[in-house]
Amino acid sequence: MTPKKRVLLGVTGGIAAYKSPDLVRRLIERGADVQVVMTASAQKFVSPLSFQAVSGRPVRTDLWDGAAEAAMGHIELARWAEVVLIAPASADFIARLAGGRADDLLSTLCLATEAPIVLAPAMNRVMWANKATQANVETIVSRGMRLFGPESGNQACGDVGLGRMLEPARLAENLLEAPPNAGLLAGRQLLITAGPTRERLDPVRYLTNRSSGKMGFAVAAAAREAGAHVTLVTGPVNLPTPPGVTRIDVESAREMHAAVHRHVAAADLFIAAAAVADFQPVQVAKQKIKKQGLAVKLDLEPAPDIVKSVADMAKRPFVVGFAAETNDVEENARSKMKRKKLDMIAANQVGDGIAFDCEDNALTVIWPGGKADIARAPKIDVARELIALIAKRMPPAPGTARHSARKRRAAAASPRSRSRSRRARL
Ligand code: C5P
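Our subject in this report is the structure included herewith. These numbers come from a predicted model, not from an experiment.

## As for the site of the ligand
The full set close to the ligand counts 13 residues, and A272, A274, P304, F322 and K336 are the nearest of them. At 2.6 Å, a backbone N or O of A272 approaches an oxygen atom of the ligand. In this structure, A274 approaches the ligand through a main-chain N or O atom, which is 2.6 Å from an oxygen atom. Taken together, the elements giving at least two residues each to the shell around the ligand come down to α13 (306-311) and β16 (318-325). Considering only residue class, the shell around the ligand consists of eight nonpolar, one polar and four charged.

## Description of the nonpolar core
By size, the foremost hydrophobic cluster in this structure holds 40 residues, and its most contacted members are L185, V219, L269, I271, F322, L386 and I390. Once residues lying within four places of it in the same chain are set aside, the contact partners of L269 are L185, Q189, L190, L191, P317, F318, V320, I390 and M394. Counting 29 residues, the second largest nonpolar core, distinct from the first, contains V7, V24, A87 and L176.

## Brief notes about the pattern of salt bridges
Applying the stated rule across the entire model yields 29 salt bridges. One salt bridge connects E325 with K336, and the closest N-O pair in it is separated by 2.9 Å. With a gap of eleven residues between them, E325 in strand β16 and K336 in helix α14 (residues 329-339) connect regions that are remote in the sequence. The residues E325 and K336 share a single accessibility class, namely buried. R334 is the salt-bridge partner of E330, the closest N and O atoms lying 3.5 Å from each other. In this pair, E330 and R334 both sit in helix α14, four residues apart, roughly one turn of the helix.

So, how was this worked out
- Once a new chain begins, its residue numbering starts again from 1 and follows that chain's sequence as written.
- With the structure being a predicted model, the display of local features is reserved for residues of pLDDT at least 70 and the display and counting of side-chain atom pairs for 80 or more, all residues being used for whole-chain, interface and lining totals.
- Working from all heavy atoms in the structure, the side-chain values ignore hydrogens and water.
- Residues are classed as near a molecule or strand on a simple rule: at least one heavy atom within 4 Å of it.
- For the purposes of these results, a polar contact is taken to be a pair of N or O atoms within 3.5 Å, where, inside protein, one atom must be able to donate a hydrogen and its partner to accept one; residues adjacent in sequence count only when each atom of the pair is a side-chain atom.
- A run of H or I in DSSP counts as a helix once it spans at least four residues, and a run of E counts as a strand once it spans at least two, with each numbered from the N terminus.
- Gly falls in the polar group here, along with every residue not listed as nonpolar (Ala, Val, Leu, Ile, Met, Phe, Trp, Tyr, Cys, Pro) or charged (Asp, Glu, Lys, Arg).
- We call a set of buried Ala, Val, Leu, Ile, Met, Phe, Trp, Tyr and Cys residues a nonpolar core when their side-chain atoms join them within 4.5 Å.
- Accessible area is worked out with a 1.4 Å probe on protein chains only. A residue is then buried under 20% of its type maximum, exposed over 50%, and partly exposed in between.
- Whether two residues touch is decided by their heavy atoms; if any such pair falls within 4.5 Å, the residues are in contact.
- A carboxyl oxygen of Asp or Glu within 4 Å of a side-chain nitrogen of Lys or Arg is what we treat as a salt bridge.

Put into structure tokens, the structure is as follows:
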């Protein structure tokens, strides 16, 4: 039996809270174990007893409740949760989250948990549209929290517009539906690079490129969804860390190379999605280079080729590279795959507003003896398809059914085993 998903349901003060006991039932029907936490204002709308009755667990309401803390302290509760769902999420609670407050139990839990946090906002349409609310929403989303809804329709106050909480059945389905590729990379260790690098010329200047890091971050998120443990080594980008991913920030190609080699021994899959600089300054000037100096000459040398250095290792992970090409995409990608000894390469056309710093991408994925096209779509969808292809091609993990089947096939194909079976037939 699969273990129940541990959902911490936060209920905040809004009229939509009357729907939350039904949400608890829907979550339980879908196999969740639900612990409800209510804010003080939520209790003005619904009684904690209703939630206790439907969840089968005492409801937590107070950071200062000695007896409840003795049973499961707030930090333990924050660790217990596999996902936190706030439904309804009021304008005030969203503002408190954006401000990083920890002045009641629910806000403290949100600060103390490493679990993903999902919010189902519910409020009057003017409150939702208010610039203050929108700025707070932007802040929490930029920190990696996700929103379900709100949707448009009739509101309790008589208005019609955007601000309704999604219906409980849809919330439960969105929260608990198995992610695409669930389990495909279960237990595998992925090391991935993303973003640009910055090669310093002097204390104020550097060489870099237009990579936003979005494709690499999407691949990291898709691999995590598929069950991999993910370490993401990233150059300077302006992106939230995908939930559950370990992030290492670096600046230069040299730093990225060092970080990769500190972690690569544990990896069974390495994906090089970073747009690493090809050249780095021979020396970083200690003082700002004067204009005449810049006009004269920049001394550059090749930056370390990170993906090649991994592919050259005696005991190496499955290695996937990217190739951003402006022309002859497939041909250039194939020769790059051979030159760098990659197991697979994901190639895309760049330039003229395609791929760099945008939300969509399309890929041609090539491996020795095969290829597949992934049609233009949002980067997360493209990343999911890429992960499915990689999972199919990389050597199976020891101990899995796929691994034993592959061993049996290899043994059957070996000359010794063929002569044994010939003898048996004679
Ligand atoms: O820049 P290039 O087209 O050669 O990149 C191809 C692949 O090699 C990409 O996967 C990129 O992340 C990787 N690469 C690297 N280190 C470099 C240059 C490229 O890992 N110095």
